[in-house]
Amino acid sequence: MTGTDTTAGDRRDGATRRPLEGVCIIDFTQILAGPYCTQQLALLGANVVKIENRSGGDQGRSLGPATDPRLVDHAMSTLFLSVNAGKRSVTLDLKHPRASAVMHRLVASSDVVIQNFKAGTMDRMGFGYEALKGVNPRLIYCSISGYGQSGPRGPAAAYDPSIQAASGMMAVTGLPETGPLKTGYWLTDMATATQACFAISAALYHRERTGEGDHLDLSMLDTAVGIMAPTIASWRVNGQEPRLNGNRTLTGNPTSDTFPTSDGFLMVAAPTERQFVSLARTLGRDDLCEDPRFATVADRIAHAEALRTEIIAALAAADASSWEARLAEAGVPASRVASVPEVYKDRQLAHRGVFQPMTRQQALGSNEDVYVDLPFHGTNTARGTAHPPPLLGEHTDEVLAEFGFSGAEIAALRREGAI
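Structure report, in brief. Since the structure is predicted, the reported quantities are computational estimates derived from the model, not experimental observations.

### Overview of the overall build of the protein chain
Scanning the protein chain from N- to C-terminus turns up 19 helices and 13 strands. In the protein chain, which comprises 419 residues, the share counted as buried stands at 45%. For the protein chain, long-range pairs separated by at least 24 residues make up 68% of all intrachain contacts whose partners lie at least 6 apart in sequence. Accessible surface, the protein chain as shown: approximately 20,200 Å² in total, 54% of it carbon and sulfur. Each charge class in the protein chain was averaged separately, 39 positive and 46 negative side chains, and the resulting centres sit 3 Å apart.

Here is the structure:
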């Protein structure tokens, strides 16, 4: 990239270089899938320059309002705070006559451009792959959209819930009495973001060997259907359409389900014969193993409600945490259904360093905040950031100066309304 590598001071481990240091990313993304992708890349050392419209910025800044008035005043919603750590914000009016010259100068010495507008939007503004490839032939250009850059649904707008519906996920999530349900979080957004990181990393490796850039086309629907692969395979092989199955496993095995205890719910996953025996013994119900109704998996599925009644009666004797510990000792996968506050205080997550601290900007009161770290650890892979999600346009002058704009040029761009 051009100018100073500002990422070096972010390292959590000064002895180890973060793998993406020196990689410069121009980030046009908004809301969730794109920003989560670029945050993960920033945590690995990439210099992420977030391009935001000068009037309002990333649409995600207004989604998930915060209760702190300082956050509201600076357009720092809870959603925005969750996926924009480690980035720097530049405000630019992409429709301004000077925007093209500014973008060409940034792209000429950058490595990756990422955008998640509807298919065709960037082309119409003059910032599509072919246009920017002419400026930088080694450019890796990543397009994230609901349905992909081509096909009959390509131009359509999409959000996570509509993709969950289109992918078949909702057809197998929920209970017959409730009807289809989406997940309680943005599953396809977050999964697509991770796939985009994978694709960009592969493209950077390919370019390292060949010198070739690439245009990566990421579809939320493609990603969602990929996650559904085992469910789709079950239908293709067995010919039986998967239906709403509640919390029970796709196979219908009643010993893999959620059960009430004396104080909350417990998720048990005991699909194998050995695990069923261990479950029964741990519950103090060895007799269940001798009951002909429950002799085999097929028998247990045929008499699922009777077995469920017996398990619930036994679990009522203790709380979910106690059963979780007992079943773990017996080798049966089980976990109490934790609340979000409980997850935040979880000792295993604390041991893994999942929630990493950072300090907000002075304008926001300099309160300590956290971001969710990358979900992997490497012996020689440093990661992390000390930089909180940026205020709108917080780094415009700083970034443009690094890319060779003089003070007079920056002042002129501001005076003309481009920045």
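### With respect to the pattern of salt bridges
Tallying each qualifying case throughout the model produces 25 salt bridges. The shortest N-O distance in the salt bridge between Arg-383 and Asp-373 comes to 3.2 Å. Of this pair, Arg-383 sits in the loop between strand S13 (368-372) and helix H18 (396-402) while Asp-373 is found in the loop between S13 and H18, placing the two residues 10 residues apart along the sequence. Here Arg-414 ties to Asp-397 by a salt bridge, and the two come within 2.7 Å at their closest N and O atoms. Of this pair, Arg-414 sits in helix H19 (residues 407-415) while Asp-397 sits in helix H18, and the two are 17 residues apart along the sequence. Of the residues examined, Arg-414 reaches a relative accessible area of 39% and is grouped as partly exposed. Judged by relative accessible area, which is 37%, Asp-397 ranks as partly exposed. Among the ionic contacts, a cluster of salt bridges with common partners joins Asp-68, Arg-70, Arg-360 and Asp-369.

### Quick look at the state of the cysteines
Applying the stated rule across the entire model yields zero disulfides. Left without a disulfide partner, Cys-142 is nearest to the cysteine sulfur of Cys-37, which lies 5.8 Å away. Taking the relative accessible area as the measure of exposure, Cys-142 reaches 0% and is therefore buried.

### So, the pairing of strand S10 (residues 265-269)
Of the two faces of S10, the one holding Leu-266 and Val-268 is buried and the one holding Phe-265, Met-267 and Ala-269 is not buried anywhere. With five bridges joining them, strand S9 (residues 256-260) and S10 adopt antiparallel strand pairing. Residue pairing across strands places Thr-258 opposite Met-267, the latter belonging to S10. Connecting the antiparallel pair S9 and S10 is a turn made up of four residues. Pairing geometry for S10 and strand S11 (residues 334-336), over three bridges, is antiparallel.

### Some remarks on H19
For H19, the full list of buried residues reads Ile-410, Ala-412 and Leu-413. Each buried residue of H19 sits inside an arc of 160° when the element is viewed along its axis, so together they form one side. Away from its buried face by more than 90 degrees, H19 exposes Gly-407, Ala-408 and Arg-415. In this fold, the buried residues of H19 make contact with helix H4 (99-108) and H18. In the segment just after H19, Gly-417 is the residue with positive phi, at about 85°.

### Comments concerning the sheet that holds S9
What holds strands together in a sheet is hydrogen bonding between their backbones, with the strands either parallel or antiparallel. A sheet is described by the order of its strands in space; here three strands give the open sequence S9-S10-S11, paired in antiparallel fashion. Bordering the open sheet on either side are S9 and S11, each of which pairs with just one other strand. Ignoring strand direction, the axes of neighbouring strands in this sheet form an average angle of 15°.

Calculation rules
Residues numbered from 1 in each chain as written. Predicted model: local features only at pLDDT ≥ 70, side-chain atom pairs only at ≥ 80, totals over all residues. Heavy atoms only, no water. Helix = DSSP H or I, 4+ residues; strand = E, 2+ residues; numbered from the N terminus. Buried < 20%, exposed > 50% of the residue type's maximum accessible area, 1.4 Å probe, protein only. Contact = heavy atoms within 4.5 Å. Areas by Shrake-Rupley, 256 points an atom, 1.4 Å probe, with all protein chains shown as cover. Lys, Arg positive; Asp, Glu negative; His and termini not counted. Charge placed at Lys NZ, Arg CZ, Asp CG, Glu CD. Salt bridge = Lys/Arg side-chain N within 4 Å of Asp/Glu carboxyl O. Disulfide = S-S within 2.5 Å. Pairing = 2+ DSSP bridges. Arc of directions from axis to C-beta. Axes fitted to C-alpha atoms, helices over the stretch in contact; angles between N-to-C directions.

Interpretation note: all reported values are geometric properties and have no functional meaning in isolation.
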